[in-house]
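# Observations on the three-dimensional arrangement
Each chain, written out:
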Amino acid sequence: MKIIQIQKHNLPQYSTIIPDSLLRYPNEIFVCAQDDIPYGAIVLENLNKHLGITWLWVAPEKKGQKIGSALLAKAYKFAKENQYTAITIAY
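Right, let's walk through the structure included here.

## Looking at the overall build of the chain
Across its full length, the chain holds two helices and five strands. In sequence order, the chain lays out its α and β elements as β-α-β-β-β-α-β. At 12 Å, the chain has a C-alpha radius of gyration in line with the 12 Å of a compact globule built from 91 residues. Along the three orthogonal principal directions, the C-alpha set of the chain runs to about 35 × 25 × 25 Å. Here the chain, with 91 residues, has 41% of them falling under the buried criterion. Sequence-distant contacts in the chain: of pairs separated by 6 or more residues, those separated by 24 or more amount to 49%. Only carbon and sulfur atoms are counted for the fraction: they give 51% of the accessible area of the chain, which is about 5800 Å². Taking the average place of the 10 positive charges on the side chains of the chain and the average place of its 7 negative ones, the gap between the two points comes to 7 Å.

## Some remarks on the packing of aromatic side chains
Evaluation of the coordinates by the stated rule reveals three aromatic pairs. Taking the centre distance of 6.4 Å and the plane angle of 5° together, the rings of Trp55 and Trp57 count as stacked. The rings of Phe30, Phe78 and Tyr84 are connected pair by pair, giving a single aromatic cluster. For the cation-ring pair, Lys62 lies above Tyr39, with the distance from its terminal atom to the ring centre recorded as 4.6 Å.

## With respect to the sheet that holds strand β4 (residues 50–58)
Read from one edge of the open sheet, five strands run β1-β2-β3-β4-β5, paired in mixed fashion. Only two strands of the sheet have a single partner each, and these edge strands are β1 (2–5) and β5 (86–89). With direction set aside, neighbouring strand axes in the sheet form an average angle of 30°. When strand β2 (residues 28–34) meets strand β3 (residues 37–47), the two strands line up antiparallel, connected through seven bridges. Bridge pairing links Ala33 to Pro38 in β3.

## Notes on the nonpolar core
Grouped together as the largest cluster of nonpolar side chains are 15 residues, with contacts concentrated most on Phe30, Ile42, Leu44, Leu51, Ile67, Leu71 and Phe78. Where this core is concerned, the elements lending two or more residues are β2, β3, β4 and α2 (67–81). Counting residues per element, this core draws most heavily on α2, which supplies five residues.

## Regarding the environment of Lys2
In this fold, Lys2 is placed in strand β1. Residues Lys2 and Pro38, 36 residues apart in the sequence, show an inter-C-alpha distance of 9.6 Å. The residues contacting Lys2, other than those within four sequence positions of it, are Val31, Cys32 and Ala33.

Calculation criteria
- Residues numbered from 1 in each chain as written.
- Predicted model: local features only at pLDDT ≥ 70, side-chain atom pairs only at ≥ 80, totals over all residues.
- Heavy atoms only, no water.
- Helix = DSSP H or I, 4+ residues; strand = E, 2+ residues; numbered from the N terminus.
- Rg over C-alpha atoms; globule rule 2.2 N^0.38 Å.
- Buried < 20%, exposed > 50% of the residue type's maximum accessible area, 1.4 Å probe, protein only.
- Contact = heavy atoms within 4.5 Å.
- Areas by Shrake-Rupley, 256 points an atom, 1.4 Å probe, with all protein chains shown as cover.
- Lys, Arg positive; Asp, Glu negative; His and termini not counted.
- Charge placed at Lys NZ, Arg CZ, Asp CG, Glu CD.
- Phe/Tyr/Trp six-rings, centres within 6.5 Å; stacked < 30°, edge-to-face > 60°.
- Lys NZ or Arg CZ within 6 Å of the ring centre and 35° of its normal.
- Pairing = 2+ DSSP bridges.
- Axes fitted to C-alpha atoms, helices over the stretch in contact; angles between N-to-C directions.
- Core = buried A, V, L, I, M, F, W, Y, C linked by side-chain atoms within 4.5 Å.

In short, the description is geometric, and any link to function would need to be established separately.
Here is the structure:
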């Protein structure tokens, strides 16, 4: 499995698994997929100096396989690389 950052060019391929209300800027979206089949996703909202996790999803048949953990690790790495000061749960 690989984690893919969603951008304009690949958004149509994965947009069906993400709620429409979250498909907007300034959200950052990452999908965990294998053979172009999505098995998990995380949506991060840009809140100035920090990121808010607004949505985390793992396919029921893939639960317990560390996909959620991998997506959270990717969020942490993205925050660190882009000099965000914190990650929060934005519900």
